[in-house]
Amino acid sequence: MTTLTPVLSANWDRPDSFTLQGYRDGGGYEALRTALTMEPDTIVDLVKASGLRGRGGAGFPTGMKWGFLPKDNPNPRYLVVNADESEPGTCKDVPLMLANPHALIEGVAISAYAIRSSQAFIYVRGEVLHVIRRLKRAVEEAREANLIGPDVLGSGFDLDVVVHAGAGAYICGEETALLDSLEGYRGQPRLKPPFPAVAGLYASPTVVNNVESIASVPGIVGNGAEWFTSMGTEKSAGFGFFSLSGHVRRPGQYEAPLGITLRELLDMAGGVREGHELKFWTPGGSSTPIFTDEHLDTPLDFESVGAAGSMLGTRALQIFDETTCVVRAVGRWIEFYAHESCGKCTPCREGNYWMVQVLDRLERGEGTEADLEKLLDICDNLLGRSFCALGDGAASPVMSSIKYFRKEYIDHVTRGGCPFDHRKSTVWGGTA
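This is a predicted model, so every value here is computed, not measured.

Draft legend 1. Quick peek at the overall build of the protein. In terms of helices and strands, the protein carries 18 helices and 9 strands. Whereas a compact globule of 432 residues would reach a radius of gyration of roughly 22 Å, the protein reaches 22 Å, a difference of no more than 12%. Relative to its full complement of 432 residues, the protein shows a buried share of 58%. In the protein, 70% of the contacts between residues at least 6 apart in sequence involve partners at least 24 apart.

The following block contains the structure:
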């Protein structure tokens, strides 16, 4: 049985976990002191050796991304933290920033020092005002204690940290759209290359990393690369938050080594709600191909999930039992993607709109079996053909749901509409 590895969540049971004192009582900011005695390139090499991969979805090696910054570019370097968490089902960064904001700020300070940046931005989704307020207060505390600001801890290293509130656009989770928004423009993906490492914020070398990725850095610096690689798998090292939601008895954040299985996590979470059984689930949020109960023992690491036909993504495990209509669930997701599409490219703008129409038609009982092929045809024109990954993400649940639940789609046609009582999938109707 895999056990939990509370690292970033170790002090969450403290009522003052979000304060500077609460963080320092657990050894907070000692890793920063250590880092400031090291050469920046040594820290980059340490993060490379740890095998830390991006925790925002793509899983790109963090240290390698830092190493892409050109050494001969005279422009200033920027560190940008992507805290624009808004994927349906994804809910790990917000609680981390609420309960332990100083872990992120310490990670920002170490990471900025490692890439030789004196300016960092934390781009937070605008709707989470409570998180923005807490982050800003934590930044003030850190500045007052000389943990950021001019001459950090007498080291000669200067760092300014800005907490920036976005306007609530899902597309700004895409790194180049985020950079455009940060510069004051409408958030839309940029054509790549050039990549942000070469020409990012203000056309200068920029590193964009997820909240959890940056917050994991102090532990690596403080405990060493071998400590980090002792958890997880050979190619997916370390730990991460697994966010269980939906039809599960004890939903929440489970910080565990990569490679744990959903069966193990469900055992910890008390299982699927009483009297029901697992039907389907998402391994990495709504933009990843869905899994079924046959994937309960798939190790939740980047390679194993990919080999099984999905993506680990943000480890947002949405659990659905047999009372859930998969057509309705997928339809709600596609409505979200249609609403959040920036409209820059035709496949995404038109494809998501028309998938909503077709799925709604099936739900109303006005569809035909030919609509399944129509949906797959639209997905074929979305997958790999949109300007950014939003189109790919929207196609994933549609294609995978038809793969595993084709009969359920056909039942919507033959029975003249949705055969499910939607009340039974709710909290108040599930035991009726």
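This is not the end of the story, as more comes after the structure.
Draft legend 2. The arrangement of the sheet that holds strand β3 (residues 160–165) in detail. If you trace the 4 strands from one edge of the open sheet to the other, you get β3-β2-β1-β4, paired in parallel fashion. Two strands bound the open sheet, and with one partner strand each, they are β3 and β4 (206–210). Direction aside, the axes of adjacent strands within the sheet are offset by 20 degrees on average. As judged from the 6 bridges shared by strand β1 (residues 78–83) and strand β2 (residues 119–124), these two strands associate in the parallel manner. By the bridge assignment, Val 80 is partnered in β2 with Phe 121. Relative to β1, helix α6 (residues 101–114) is tilted by about 150 degrees, and along the sheet it contacts β1, β2 and β3. Packed onto the sheet, helix α7 (residues 129–144) meets β2 and β3 and runs at close to 170 degrees relative to β3.

Draft legend 3. Quick look at the side chain of Asn 11. Within the secondary structure, Asn 11 sits in the segment before α1 (20–24). Classification of Asn 11 as buried rests on a relative accessible area of 13%. Excluding residues that lie within four positions of it along the chain, Asn 11 makes contacts with Ser 17, Gly 22, Tyr 23 and Asn 100.

Draft legend 4. Just the sheet that holds strand β5 (residues 239–246), in detail. The 5 strands are arranged β6-β5-β9-β7-β8 in an open sheet whose pairing can be described as mixed. In this open sheet, the two strands that pair with only one neighbour each are β6 (252–257) and β8 (291–292). When β5 meets β6, the two strands line up antiparallel, connected through 6 bridges. Bridged to Ser 243 within β6 is Gln 253. Packing against the sheet, helix α15 (residues 326–340) makes contact with β7 (278–282) and β9 (316–321), and its axis sits at approximately 15 degrees to β7.

Draft legend 5. Summary view of the side chain of Asp 411. Summarising the element assignment, Asp 411 is placed in helix α18 (residues 389–414). When sequence neighbours within four positions are dropped, the list of residues in contact with Asp 411 reads Gly 416, Gly 417 and Pro 419.

Draft legend 6. A look at the pairing of β7. Most of β7 sits inside the fold, with 5 of its 5 residues counted as buried. Bridging between β7 and β9 involves 4 bridges; their strand directions are antiparallel. Its bridge partner being in β9, Thr 282 is matched across the sheet by Gln 318. Pairing of β7 with β8 involves 2 bridges; the strand directions are antiparallel. In the strand pairing of β8, Trp 281 is matched with Phe 291.

Draft legend 7. Main features of α6. Taking 1.5 Å per residue as the helical rise, α6 with its 14 residues ought to reach 20 Å, and the 20 Å between its terminal C-alpha atoms agrees with that figure. The buried count for α6 comes to 14 of 14 residues, which makes it a mostly enclosed element. Where α6 ends, the next residue or the one after it, Arg 116, has phi of about 60 degrees, a positive value.

Draft legend 8. How the structure looks around the pattern of salt bridges. For the structure on display, the rule yields 30 salt bridges. Notably, a salt bridge pairs Lys 192 with Glu 175, separated by 3.8 Å at the nearest N-O pair. Placement of Lys 192 in the loop between α8 (175–182) and α9 (196–199) and of Glu 175 in helix α8 is noted, with a sequence separation of 17 residues between them. The partly exposed category is assigned to Lys 192, whose relative accessible area is 30%. For the salt bridge of Arg 315 with Glu 212, the shortest nitrogen-to-oxygen distance reads 3.0 Å. Of this pair, Arg 315 sits in the loop between α14 (302–307) and β9 while Glu 212 sits in helix α10 (residues 211–215), and the two are 103 residues apart along the sequence. Accessibility expressed as a relative area gives 1% for Arg 315, which makes it buried.

Draft legend 9. Layout of a nonpolar patch on the surface. A contiguous nonpolar patch, built from Phe 60, Met 64 and Phe 68 and spanning about 290 Å² of accessible area, is present on the exposed surface. Note on placement: Met 64 falls in helix α4 (residues 62–67). A residue is classified by how much of its surface remains accessible, and Met 64, at 39% relative accessible area, is partly exposed.

Draft legend 10. Up close: the nonpolar core. Counting residues in hydrophobic clusters, the biggest one holds 63 residues, and the most contacted among them are Val 108 and Leu 159. It is α6 that provides the largest number of residues to this core, a total of 9 residues. If we ignore the near neighbours within four places in the chain, the residues touching Val 108 are Leu 79, Val 81, Ala 120, Ile 122, Leu 159, Val 161 and Ile 214. Residues Tyr 170, Ile 171, Leu 201 and Ile 402 belong to the second largest nonpolar core, which totals 45 residues.

Draft legend 11. Seen up close, the environment of Leu 376. Position of Leu 376 among the secondary structure elements: in helix α17 (residues 370–382). Expressed as a C-alpha distance, the spacing of Leu 376 and Ala 395, which sit 19 residues apart in the sequence, is 8.4 Å.

Calculation rules
Residues numbered from 1 in each chain as written. Predicted model: local features only at pLDDT ≥ 70, side-chain atom pairs only at ≥ 80, totals over all residues. Heavy atoms only, no water. Helix = DSSP H or I, 4+ residues; strand = E, 2+ residues; numbered from the N terminus. Rg over C-alpha atoms; globule rule 2.2 N^0.38 Å. Buried < 20%, exposed > 50% of the residue type's maximum accessible area, 1.4 Å probe, protein only. Contact = heavy atoms within 4.5 Å. Pairing = 2+ DSSP bridges. Axes fitted to C-alpha atoms, helices over the stretch in contact; angles between N-to-C directions. Expected span 1.5 Å × (residues − 1). Salt bridge = Lys/Arg side-chain N within 4 Å of Asp/Glu carboxyl O. Patch = residues over 30% accessible without salt bridge, like charges linked within 9 Å, V, L, I, M, F, W, Y side chains within 5 Å. Areas by Shrake-Rupley, 256 points an atom, 1.4 Å probe, with all protein chains shown as cover. Core = buried A, V, L, I, M, F, W, Y, C linked by side-chain atoms within 4.5 Å.

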